[in-house]
Amino acid sequence: MKTNSTEQRSKLAATKRGGGAALVYETIRDEILELTLAPGSPLDESSLAARFAMSRSPIREALVKLAAKGLVRTLANRSTIVAPIDLIEFPKFVAALDYAQRIVTRLAALHRSDADLDEMTKAAERYNAECKSGNPLRMSEANKHFHMCIAKAGGNPYLAEFYGKMLDEGRRILHMHYARRHGEQDPFPLNSEHFDMIEAIQRKDEKKADQLAHEHTRMLHGKLVEFMRVNYLDDLEDDQ
């Protein structure tokens, strides 16, 4: 893990408590999503406080927020680790993601506003722009932002919160997939599926929106399962 320079540490030390917690949260979150911090890695409050030149209070606040996102886990002895990636349970994760994605997309078709459609379109365009950049972290963030625009349009904050947590938990695997494809010829073709979903939502076609959301999940599931079979777990079973 890289440490900050003296100048950076001085700036961090001058950061207000709330801003400090936000900085720690964003830094650790990105390192988890980029797999710089490996699944299962310990996160010691004292070491993090020294690294960021802060007291333990903002460190603890950031870890609580990361736990709420499903990115870290507090053990029985009150120590904290980066949440493991359970590849064996991956098909069950995708099944839950599929149900969540379908229901928020159906709700968006029923309740969307013109402003919601505008946000979705901008988010889909942003994702395609990030595909050209080829940066895995920015791509996974743009993908999440697009789908959360749909969840927001559905008007149910409880479902949107659950769906957002599912997307966060899946971003590390998505990052591995993106990183593996980086360098291939045309590794990230522009995504027309996002715009197809927007069109169905715009028409308030609930059934079509549901179908497209399901197909979108299945497409992603197929790519990630194949990726993990080749790179991590040869006997991973697709039980969907």
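Cut-off values and rules
- Residues numbered from 1 in each chain as written.
- Predicted model: local features only at pLDDT ≥ 70, side-chain atom pairs only at ≥ 80, totals over all residues.
- Heavy atoms only, no water.
- Helix = DSSP H or I, 4+ residues; strand = E, 2+ residues; numbered from the N terminus.
- Buried < 20%, exposed > 50% of the residue type's maximum accessible area, 1.4 Å probe, protein only.
- Areas by Shrake-Rupley, 256 points an atom, 1.4 Å probe, with all protein chains shown as cover.
- Salt bridge = Lys/Arg side-chain N within 4 Å of Asp/Glu carboxyl O.
- pLDDT = per-residue confidence, 0-100.
- Contact = heavy atoms within 4.5 Å.
- Phe/Tyr/Trp six-rings, centres within 6.5 Å; stacked < 30°, edge-to-face > 60°.
- Lys NZ or Arg CZ within 6 Å of the ring centre and 35° of its normal.
- Axes fitted to C-alpha atoms, helices over the stretch in contact; angles between N-to-C directions.
- Parallel < 35°, antiparallel > 145°, perpendicular 65-115°, else oblique.
- Left-handed = near helix turned anticlockwise from the far one by under 90°.
- Nonpolar A, V, L, I, M, F, W, Y, C, P; charged D, E, K, R; others polar.

What follows concerns the overall build of the protein chain. From N to C terminus, the protein chain includes 10 helices and 2 strands. Shown N-terminal to C-terminal, the secondary structure of the protein chain runs as helices and strands in the order α-α-α-α-β-β-α-α-α-α-α-α. Across the 240 residues that make up the protein chain, the buried fraction comes to 45%. Here the protein chain displays about 12700 Å² of accessible surface, and carbon together with sulfur accounts for 50% of that area.

This paragraph deals with the pattern of salt bridges. Tallied over the entire structure, the rule returns 17 salt bridges. A salt bridge links aspartate 30 to arginine 29; the shortest N-O distance between them is 3.1 Å. A salt bridge links arginine 102 to aspartate 98, with the shortest nitrogen-to-oxygen separation between them at 3.9 Å. One end of the pair is arginine 102 and the other is aspartate 98, both in helix α5 (residues 90-111) and 4 residues apart, which spans about a single turn. Residue aspartate 98 is classed as buried on the basis of its relative accessible area of 7%. Ionic contacts of the salt-bridge type, sharing partners, join the residues Asp98, Arg102, Arg106, Glu206 and Asp210 into one network.

Summary statistics for the protein chain give a mean pLDDT of 83 and a share of 79% for residues scoring 70 or more. Taken element by element, the protein chain is modelled with least confidence in helix α1 (residues 6-13), mean pLDDT 44, and with most confidence in helix α9 (residues 193-202), mean pLDDT 96. This stretch, residues 1-18, has a pLDDT under 50; its non-local contacts, to residues over four places away or in other chains, come to 19 contacts.

What follows deals with the packing of aromatic side chains. Counted according to the given criterion, the structure contains 1 aromatic pair. Directly above the ring of tyrosine 25 sits lysine 65, whose terminal nitrogen or CZ lies 4.2 Å from the centroid.

What follows concerns unusual backbone geometry. A positive phi angle is found at alanine 53, which is not glycine, with a value near 55 degrees. With respect to the helices and strands, alanine 53 occurs in the loop between α3 (45-52) and α4 (56-68). Even without a glycine there, the phi angle at arginine 78 is positive, about 75 degrees. Within the secondary structure, arginine 78 is located in the loop between β1 (72-74) and β2 (80-82). For arginine 78, a relative accessible area of 73% puts it in the exposed group.

Moving on, we come to the packing of α5 against helix α7 (residues 136-154). In contact at an axis separation of 7 Å, α5 and α7 are set at 55 degrees when each is read in the N-to-C sense. One element, α5, and the other, α7, form an angle in the oblique class. In this structure, α5 meets α7 at a crossing whose hand is left-handed. In this structure, α5 uses Gln101, Val104, Thr105, Leu107, Ala108 and His111 to contact α7, whose residues at the interface are His147, Ile150, Ala151, Ala153 and Gly154. Residues that form the contact of α5 with α7 fall into these classes: 6 nonpolar, 5 polar and no charged.

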